[in-house]
Amino acid sequence: MQWLVKHTGLILLFFVLSNGSSAQKENYYLVDDLELESIDEYDRYVLDSCLKVYHSSEHDTMKMNAIYGIVLECWDDRVWPKYNQWVYDVVSKKLKNKDYENEVVKKNFIKNKAASINNFGYLKNSEGNILEALTLYLQSLKLMKSINHKEGMASTLNNIASIYAGQDDFDTALEYNQQSLEIAQENNDLEAQSISYTNLGALYDDMGDPEKALLYYERCLDLTKQLNDPSGTANALNNIAGIKEDKGEVQEAEAFYLEAIELLSIESNEEGLAIVLNNLADLYWSQNNIQKAKYYAKEALVIAHRIAYPSLLMSAYHTQFKINKQEQNWMRALYSHEQYIAMRDSVKNDENTRAVLNRKFQYEYQIQAAKDSIARAEENRIHAAEIMAEKAEKERHILASENHKLEAEQQKKQNFILYGGLAILLLLAAFIFNRFKVTQRQNAIIASQKNEVESQKQKIELQHQNLEAIHKEVSDSIAYAQRLQQAILPSGDDLNHHLKDGFVMYRPKDVVSGDFYWMQVLKDQVLIAVADCTGHGVPGAMVSVVCSNALNRSVKEFGLTDPAKILDKTRDLVIETFTLSGKEVKDGMDISLCALSKDYDESGTRHVSFAGANNPIWLVTLKTDLNQAKLKENKTVVGEHKALIELRPNKQPVGLYETPEPFSSQTLSVKKGEMLYLFTDGFADQFGGKTTSQFGNGKKYKYKPLKQFILNMNALDMDIQQLRLEEEFELWKGDFEQVDDVCIIGIRL
């Protein structure tokens, strides 16, 4: 990648906290048409802080530097260009009228003006107007040279190089990048050197010379590590990994990608993190390591959604498409491909606009490039002649001085050889004797340390073997518990056969889960339930086995079919099981249980009986089928054509409870096409959201947004509904840990 510098760093500005009270003063913001409500939190903080410094400062230099702080730190294209224009207008007027205190202030104004012109070039380049961008960069460079501002010269030369690189004029781009690098080295500016090395590496990569590209990327890596710049280091690692991957050095490429991901995660650099995660997913996909490819591709997609960059979303969805296609998951492959096409079209529209502008200015660019080439050749010729003349004069003085010193040196050398030789012999003898004694002592110490190390190594190896054995035993036990729990869940074939059209979203927090779903098929109805047992992980899974067995016994052994009666008997059986130990155990479950008739009656409806312990169910139906009282209920969510209503449970668990009451059933008739949703509390209780940034600590998803989300996607196919729920959960969760098991079942009747 080419580094394009938005603006040249000129100042060190210390921000101060602003209470915003001055924001109401007339002309406080200096520029017109600022949409303050739409500016993000950080840019607004920069804006208010710098303006407070501006209005409280008495000297022009501090005032100008304060406003340039907005240009330097803000990245909102609706904000910083306005202040960049303001800086240019003010300093141009002051320089023209000679309205400055002294030469130091004048030099600072010239730096401000040159940096502003550089920024105009950046804007023109982003619009695709390369000729105007190049002209502005050259104007900025001329001003920087007039005050010998090395940092600004290096940055502007990099920008000029990027123009030529964009036109595939690699020789000219290399020339400007080399000039920038030489200035940065002369100025001992390690950061500018690292940028030049990155640009040179990218140029050689584009020119098809991966070895030279790798050389410059590695030099950049060394410098970013010296600078303790994690984001720069990660960028270099990503570039090196790409070269290694192209050369077939897969393991090295993987290691570089993983190191870059670790650094970017610490830095919270989400754009860079999404790029590297997707690159690593592509690497695993190319090696047919589908599980790892899926994991990293999903992480990249979550971040790309969060920061909403079309190019990142395009790459992420394309990787998802390749993985889904290889797994022959055609529904998800189609969805990913459609999203990829949408993002690609968005990016392509931007690229087409730039291409049209590029073609418009191509001819003028070539003329300008020719002029620049002639001017540079003449400048280089004059510069070379001056250097040769200066060198000849220096050599004449050096020769005269050397002749004078030569005679004195000859005499000194003779004396040195005579007396020095004897001294060296004596010192050498003493040194040899001393080293012999030291070596004897060191050998004895080394032998003792070697024995100690071997002893410690054996102990550590034994401890390592014991830990491995314990880890394997625990892992095997959890894996066996997982197989036991899976055995109590209905199979996918059974669900598809008896429920016809539905989905199950099942995401345990750990390997095993406290949530489970259950089904029994009777002669004329199907019993379906979603349950949330006390705890999660292995303890929750153990409780789920007890509760599932109690449900089975209630139906098969006691012949119960009414949901309320089944929950009453299940409670008795669960309490009986847990009290066999003689201790009071309050474990149990929350559950929603439905009995669905298999066939439609003469009016074209099916009968649903529901009973719940703390867990409700949701029904999505047409608005026209509900009365006004039902539509206005607090728990009802109303859409354009449909509404989601809640069937409420008994407020007690299935288990030991202080004031237990018999469970009650609710019966309703549902039409073909209406949907039921059974669920646990894991999705609604998940922490996450936009407040995962530095300005917040996360919040729960909650039930009302979940109802609205389900109502909005209700018309989609079951597979797509499941996919949308999983995506929404990942996007909300972000970097937060999953707090509980999640289970949601949707059934279209």
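Residues numbered from 1 in each chain as written. Predicted model: local features only at pLDDT ≥ 70, side-chain atom pairs only at ≥ 80, totals over all residues. Heavy atoms only, no water.

A.B. asks: Just checking my understanding: could you explain the nonpolar core for this structure?
C.D. replies: Considering soluble globular proteins, one finds that nonpolar side chains tend to be buried as a cluster. Ranked by internal contacts, the top residues of the largest apolar core, which has 105 residues, are Leu 47, Leu 51, Ile 67, Ile 70, Val 79, Tyr 83 and Trp 86. With residues up to four places along the chain from it excluded, the contact list for Ile 67 reads Leu 30, Leu 51, Tyr 54, Tyr 83, Trp 86 and Val 87. (Core = buried A, V, L, I, M, F, W, Y, C linked by side-chain atoms within 4.5 Å. Buried < 20%, exposed > 50% of the residue type's maximum accessible area, 1.4 Å probe, protein only. Contact = heavy atoms within 4.5 Å.)

A.B. asks: Would you mind going over the confidence of the model for the protein chain with me for this structure?
C.D. replies: Close inspection of predicted coordinates is inappropriate in any region flagged by low pLDDT. Within the protein chain, residue pLDDT values average 81, and 81% of them lie at 70 or more. Considering each helix and strand of the protein chain separately, the mean pLDDT is smallest for helix H15 (residues 330-488), with a value of 63, and largest for strand S11 (residues 675-679), with 96. Note that pLDDT drops below 50 for residues 1-26; the model gives that stretch 82 contacts with residues more than four away or on any other chain. Note on residues 350-367: pLDDT is under 50 here. Beyond four places in sequence and across chains, it has 22 contacts. (pLDDT = per-residue confidence, 0-100. Helix = DSSP H or I, 4+ residues; strand = E, 2+ residues; numbered from the N terminus.)

A.B. asks: I would appreciate a short explanation of the packing of aromatic side chains in the present structure.
C.D. replies: Summed over the entire model, instances satisfying the criterion amount to 18 aromatic pairs. Geometrically, the ring pair formed by Trp 80 and Tyr 122 is tilted, given 6.0 Å between the ring centres and 55 degrees between the ring planes. Taken together, the residues span a long stretch of sequence, with Trp 80 in helix H3 (residues 80-96) and Tyr 122 in helix H4 (residues 103-127) at a distance of 42 residues. Comparing Trp 80 with Tyr 122, the two get one shared label, buried. The rings of Phe 683, Tyr 701, Phe 729 and Trp 732 are connected pair by pair, giving a single aromatic cluster. Here the guanidinium or amino end of Lys 63 rests over the ring plane of Tyr 54, the centre of that ring lying 4.3 Å away. (Phe/Tyr/Trp six-rings, centres within 6.5 Å; stacked < 30°, edge-to-face > 60°. Lys NZ or Arg CZ within 6 Å of the ring centre and 35° of its normal.)

A.B. asks: Is there a simple way to explain helix H5 (residues 130-146) in this structure?
C.D. replies: In an α-helix there are 3.6 residues to a turn, and that puts residues three or four apart on one side. The first and last C-alpha atoms of H5 sit 24 Å apart over 17 residues, in line with the 24 Å expected at 1.5 Å per residue. What H5 keeps buried is the set Ile 130, Leu 131, Ala 133, Leu 134, Leu 136, Tyr 137, Ser 140, Leu 141 and Met 144. A positive backbone phi angle near 55 degrees is found at Asn 148, which sits one or two residues after H5. (Expected span 1.5 Å × (residues − 1).)

A.B. asks: Explain the sheet that holds S11 here, please?
C.D. replies: Whenever strands of a sheet pair, they do so through backbone hydrogen bonds, lying parallel or antiparallel. Read across the open sheet, the six strands follow the order S1-S14-S11-S6-S8-S7; overall the sheet is antiparallel. For this open sheet the edge positions go to strand S1 (502-507) and strand S7 (637-638), each flanked by a neighbour on one side alone. Direction of pairing for strand S6 (residues 617-622) relative to strand S8 (residues 642-647): antiparallel, over a ladder of six bridges. Pairing of Leu 619 across the sheet is with Ile 645, part of S8. (Pairing = 2+ DSSP bridges.)

A.B. asks: I'm lost on the pattern of salt bridges in this one. Help?
C.D. replies: One side chain can pair with another of opposite charge once the charged atoms of both are near each other. Going through the model one piece at a time under the given rule, you end up with 26 salt bridges. Across the pair Lys 707 and Glu 646 runs a salt bridge whose closest N-O atoms are separated by 3.1 Å. Taken together, the positions of Lys 707 in helix H20 (residues 703-712) and Glu 646 in strand S8 put the pair 61 residues apart, joining distant regions of the chain. By relative accessible area, which is 11% here, Glu 646 ends up buried. (Salt bridge = Lys/Arg side-chain N within 4 Å of Asp/Glu carboxyl O.)

A.B. asks: Just to check I follow, could you spell out the side chain of Glu 727 for this structure?
C.D. replies: Locating Glu 727 in the fold gives a position in helix H21 (residues 718-733). Look at Glu 727: it is buried, it has no salt bridge, and the nearest opposite charge is Arg 724 at 5.0 Å. Excluding residues within four positions of it along the chain, Glu 727 makes contact with Leu 301, His 305, Tyr 317 and Tyr 335. (Lys, Arg positive; Asp, Glu negative; His and termini not counted.)

A.B. asks: Sorry, what's going on with the side chain of Asp 48 here?
C.D. replies: Residue placement: Asp 48 occurs in helix H1 (residues 41-56). A distance of 3.2 Å separates polar atoms of two side chains, one belonging to Asp 48 and the other to Tyr 29. (Polar contact = N/O pair within 3.5 Å; in protein donor to acceptor, adjacent residues only side chain to side chain.)

A.B. asks: Is there a simple way to think about the pairing of strand S14 (residues 742-748) in this case?
C.D. replies: Remember that side chains alternate between the two faces of the sheet whenever the strand is regular. Within S14, seven of the seven residues are buried, which leaves the element mostly enclosed by the surrounding structure. Of the two faces of S14, the one carrying Val 742, Ile 744, Gly 746 and Arg 748 and the one carrying Cys 743, Ile 745 and Ile 747 are both buried. By the bridge criterion, six bridges tie S1 to S14 in an arrangement that is antiparallel. What sits directly across from Phe 503, in S14, is Gly 746. Where S11 and S14 come together, five bridges link them in antiparallel fashion. Each bridged residue has a counterpart across the sheet, and for Leu 678 the counterpart in S14 is Ile 745.

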